[in-house]
4 protein chains.
Amino acid sequence: MHVREMLTTHPHAQGQALQAISDEGMQTLADCVAACYDCAQACTSCADACLGEQDVEMLRRCIALNLMCADVCLATGAVATRLTARSETVLAAQLRACAEACRACGEECEKHAGHMEHCKVCASACRECQQACEGLLRRIAA
Amino acid sequence: MHVREMLTTHPHAQGQALQAISDEGMQTLADCVAACYDCAQACTSCADACLGEQDVEMLRRCIALNLMCADVCLATGAVATRLTARSETVLAAQLRACAEACRACGEECEKHAGHMEHCKVCASACRECQQACEGLLRRIAA
Amino acid sequence: MHVREMLTTHPHAQGQALQAISDEGMQTLADCVAACYDCAQACTSCADACLGEQDVEMLRRCIALNLMCADVCLATGAVATRLTARSETVLAAQLRACAEACRACGEECEKHAGHMEHCKVCASACRECQQACEGLLRRIAA
Amino acid sequence: MHVREMLTTHPHAQGQALQAISDEGMQTLADCVAACYDCAQACTSCADACLGEQDVEMLRRCIALNLMCADVCLATGAVATRLTARSETVLAAQLRACAEACRACGEECEKHAGHMEHCKVCASACRECQQACEGLLRRIAA
């Protein structure tokens, strides 16, 4: 992905701007944005893979949480991407929703990780995204 | 929109289900879902209208908040739509993010409502969506 | 929805602009945008309702087509909403994808319309959206 | 991103299934999905970076095309991700819309690539996504 290149070349991220973002802050931000888009794709894919499994009946909850998580991750990735006129209040609220969605979805996927590889990979993507959102939240609060 | 028809025919909204939703609760939910999709369209449209205005330079903040609000509203509309295996924790967090995004965007649009009709209409859509999200939040908390 | 109010107050839709859109063209456009957002919500809702049905195994195809249709409708609604620097080539291609997605999803929903009310309502929303996309396509081609 | 891992563990991508996808076909598919999500993020970021530039007035067209391209890419990434009950007609139409959106947006970004690094990076992301969509289209047609 081109996330880091895109964010570091933004006029508000450059050295001369008042709002210039530190190198470390930029890495936390870029990691979070990349994790959100990655997790959105993984959850969309996992919902579809579960739907194609023989025991789809047992996987209703997983599919529903996957779809919810995908939607929340996409919005969070876009909101975190934007640096112009950023509202830190909205960003923080959206990151909290996303960390919570990733936690719920990751825990459900984890339950089937033993016998369904797509749930195992998706649980990983959810965990990484949850941690990335929590990391960015801590930095905003600081 | 077919929002209310769709939600009331959902198996989890029907009388026999444990999770059956009261008539009043259903109206609050349907209003919120409809307001989210409406506000997403209005904000996408207002960002584009601002971009076409002569004094686009003065409207950067409005465009940025419009785009943020559109993304948050879409995710909230989809999350609120889903009743199967619903996570009330995630729904509540997402509603808070949405109410906050609509407040920020509506306040900005209000500033230009006097001389730009699209900002006036969009401020209305934001206010309705903020109130609808707050209404559903109160019901979930209750 | 505020679709028509938003579109008619856009600077490019006003009388003095070169790109001014006729009243009739505006109605076709507003109908298409509204139908896209409506159908996106209906399909998201129908996928979730099918997922909550006892015979979810028989509904895999319906759920998959619903989810695909929701994604295509959302993109189409946003692309059709934007009038600034509009690419008619992309709009036309996106409208064709959307008409096709609505046709496929509507036909599948129709099969279950007899015993599942949500599929019946969703089939309606798909049909309306397909026709609205085809209507706008004809106008662009003209 | 976890795209390839997610797609290869899908039940319909496994050896025993009738719909099993060849290794080469899987790589083409995974490349396209990853490119769509990457390009969606790059275009969202470029629109926001352009909005923060001093000469925003000169960048209206770039911002508008960026936003359109982001929406089309997201829908295409999700549609291409889903293998259950896939409609090749819709996928092909969506890939054509996406290749066209990436071409239009990439050409516009290229014009400013000389003095705005974010447009240069975004033009790259658009070009890669256009080629990935065209590659998958050729495979479907074959």
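What counts and what doesn't
- Residues numbered from 1 in each chain as written.
- Chains lettered and ligands numbered in written order.
- Predicted model: local features only at pLDDT ≥ 70, side-chain atom pairs only at ≥ 80, totals over all residues.
- Heavy atoms only, no water.
- Helix = DSSP H or I, 4+ residues; strand = E, 2+ residues; numbered from the N terminus.
- Buried < 20%, exposed > 50% of the residue type's maximum accessible area, 1.4 Å probe, protein only.
- Contact = heavy atoms within 4.5 Å.
- Least-squares fit on C-alpha atoms with pLDDT ≥ 70 in both.
- 1 Å grid on protein atoms, 1.4 Å probe; cavity = no way out; pocket = protein on both sides within 12 Å on 5 of 7 lines; lining within 4 Å.
- Points joined across faces, edges and corners; volume = space filled by probe spheres on them.
- Nonpolar A, V, L, I, M, F, W, Y, C, P; charged D, E, K, R; others polar.
- Axes fitted to C-alpha atoms, helices over the stretch in contact; angles between N-to-C directions.
- Left-handed = near helix turned anticlockwise from the far one by under 90°.
- Buried area = accessible area lost by both parts, 1.4 Å probe.
- Salt bridge = Lys/Arg side-chain N within 4 Å of Asp/Glu carboxyl O.
- Polar contact = N/O pair within 3.5 Å; in protein donor to acceptor, adjacent residues only side chain to side chain.
- Lys, Arg positive; Asp, Glu negative; His and termini not counted.
- pLDDT = per-residue confidence, 0-100.
- Patch = residues over 30% accessible without salt bridge, like charges linked within 9 Å, V, L, I, M, F, W, Y side chains within 5 Å.
- Areas by Shrake-Rupley, 256 points an atom, 1.4 Å probe, with all protein chains shown as cover.
- Charge placed at Lys NZ, Arg CZ, Asp CG, Glu CD.
- Expected span 1.5 Å × (residues − 1).

Across its full length, chain A carries 5 helices and 0 strands. Sequence-ordered secondary structure for chain A, helices as α and strands as β, is α-α-α-α-α. Projecting the C-alpha coordinates of chain A onto the three principal axes gives extents of approximately 55 × 25 × 20 Å. The 142 residues of chain A split such that 68% are buried. Partitioning the intrachain contacts of chain A with sequence separation of at least 6 by distance along the chain shows that 69% fall at a separation of at least 24.

The next thing to look at is the relation of the copies chain C and chain A. Expressed as a screw transformation, the operator carrying chain C onto chain A has a rotation angle of 180 degrees and an axial translation of 0.0 Å, and the superposed copies differ by an RMSD of 0.0 Å. The transformation just described matches what one would write down for a two-fold rotation axis. By C-alpha distance to the rotation axis, the residue of chain C lying nearest is C:Glu57, at 3.3 Å. Of the interface residues in chain C, 100% have counterparts in chain A that sit at the interface too, so the contact is made through matching surfaces.

This part covers unusual backbone geometry. Residue and element names in this part refer to chain A. Positive phi outside glycine occurs at Ala85, with the angle close to 55 degrees. Positionally, Ala85 belongs in the loop between helix H3 (60-81) and helix H4 (88-111). Given a relative accessible area of 21%, Ala85 falls into the partly exposed group.

Applying the stated criterion across every chain, the model contains 6 cavities of 30 Å³ or more. The calculated volume of the largest cavity comes to roughly 800 Å³. Looking at the largest cavity, it is lined by 38 residues, and the ones nearest its centre are A:Leu74, B:Asp71, B:Leu74, C:Leu74 and D:Leu74. Going through the elements one at a time, helix H2 (23-51) and H3 of chain A, helix H2 (23-51) and helix H3 (60-81) of chain B, helix H2 (23-51) and helix H3 (60-81) of chain C together with helix H2 (23-51) and helix H3 (60-81) of chain D are the ones with two or more residues in the lining of the largest cavity. Of the residues belonging to the lining of the largest cavity, the class tally is 26 nonpolar, 4 polar and 8 charged.

The contact between H2(B) and H3(C) brings their axes to 9 Å, and the two run at 35 degrees. For the pair H2(B) and H3(C), the crossing hand works out as right-handed. Of the residues in H3(C), those in contact with B:Tyr37, B:Gln41, B:Thr44, B:Ser45 and B:Asp48 of H2(B) are C:Leu74, C:Ala78 and C:Thr81. Its residues placed into classes, the contact of H2(B) with H3(C) shows 3 nonpolar, 4 polar and 1 charged.

On to the relation of the copies chain A and chain D. Look at the two chain copies: a rotation about an axis and a shift along it is all it takes to match them. Under the fitted operation, chain A is carried onto chain D by 0.0 Å of movement along the axis and a turn of 180 degrees, and the coordinates agree to an RMSD of 0.0 Å. Of the residues that chain A buries at the interface, 100% are likewise interface residues in chain D, meaning the two copies contact each other through the same surface.

This part covers the environment of B:Ala92. Residue and element names in this part refer to chain B. Within the secondary structure, Ala92 sits in helix H4 (residues 88-112). For Ala92, a relative accessible area of 10% gives the class buried. Along the backbone, Ala92 and Arg138 are 46 residues apart, and their C-alpha atoms lie at a distance of 9.4 Å.

Quick look at the interface of chain C and chain A now. By a widespread convention, an interface's size corresponds to the accessible area lost as its parts come together. At the junction of the two partners, chain C supplies 10 residues and chain A supplies 10 residues. For the pairing of chain C and chain A, the buried interface totals around 860 Å² over both sides, and the portion due to carbon and sulfur atoms is 64%. Counting the surface chain C buries against chain A, the share from its top three residues, C:Leu51, C:Val56 and C:Arg60, is 59%. In this structure, the connection of chain C to chain A is made through 0 salt bridges.

This part is about the environment of C:Ala40. Turning to its location among the elements, C:Ala40 is positioned in helix H2. Beyond its immediate stretch of four places on either side in the chain, C:Ala40 contacts B:Tyr37, C:Ala70, C:Cys73 and C:Leu74.

Once that is clear, we can look at the side chain of C:Thr76. All names here are of chain C. With respect to the helices and strands, the residue Thr76 is situated in helix H3. In this structure the side chain of Thr76 is engaged in a polar contact, spanning 3.1 Å, whose partner is the side chain of Gln94. Apart from the residues lying within four places of it in its own chain, the contact partners of Thr76 are Cys36, Gln94, Leu95, Cys98 and Cys133.

What follows is about the interface of chain A and chain D. On the chain D side, the residues contacting the 37 residues of chain A number 37 residues. Interface of chain A and chain D: buried area, both sides summed, is about 3,100 Å²; carbon and sulfur atoms make up 67% of it. Area buried by chain A at its contact with chain D is led by A:His2, A:Met6 and A:Gln41, which between them contribute 23% of it. For the interface between chain A and chain D, the tally reads 0 salt bridges. On inspection of chain A and its partner chain D, the count reaches 12 residue pairs in polar contact (both at pLDDT 80 or more). Counting residues per element, the ones that place at least two in the side of chain A that touches chain D are helix H1 (3-8), H2, H3 and helix H5 (117-141) of chain A. Broken down by element, the residue count for the side of chain A that touches chain D peaks at 12 residues, all from H2(A).

A word on the side chain of A:Asp38. Its location among the elements puts A:Asp38 in helix H2. Comment: no salt bridge for buried A:Asp38; closest opposite-charge side chain is A:Arg127, at 11 Å. Apart from the residues within four sequence positions on either side, A:Asp38 is in contact with A:Ala125, D:Met1 and D:His2.

A word on the confidence of the model for chain A. The predicted model of chain A averages 94 in pLDDT, with 96% of residues at 70 or higher. Among the prediction metrics, the complex's ipTM stands at 0.96, with pTM recorded as 0.97.

To continue, consider a negative patch on the surface. Taken together, the side chains of A:Asp55, A:Glu57, C:Asp55 and C:Glu57 define an acidic patch exposed on the protein surface. Along the chain, A:Glu57 falls in the loop between H2 and H3.

On to H4(A). For H4(A), which comprises 24 residues, the first-to-last C-alpha distance of 35 Å matches the rise-based estimate of 34 Å (1.5 Å per residue) to within 8%. Extensive coverage of H4(A) is indicated by the burial of 17 of its 24 residues.

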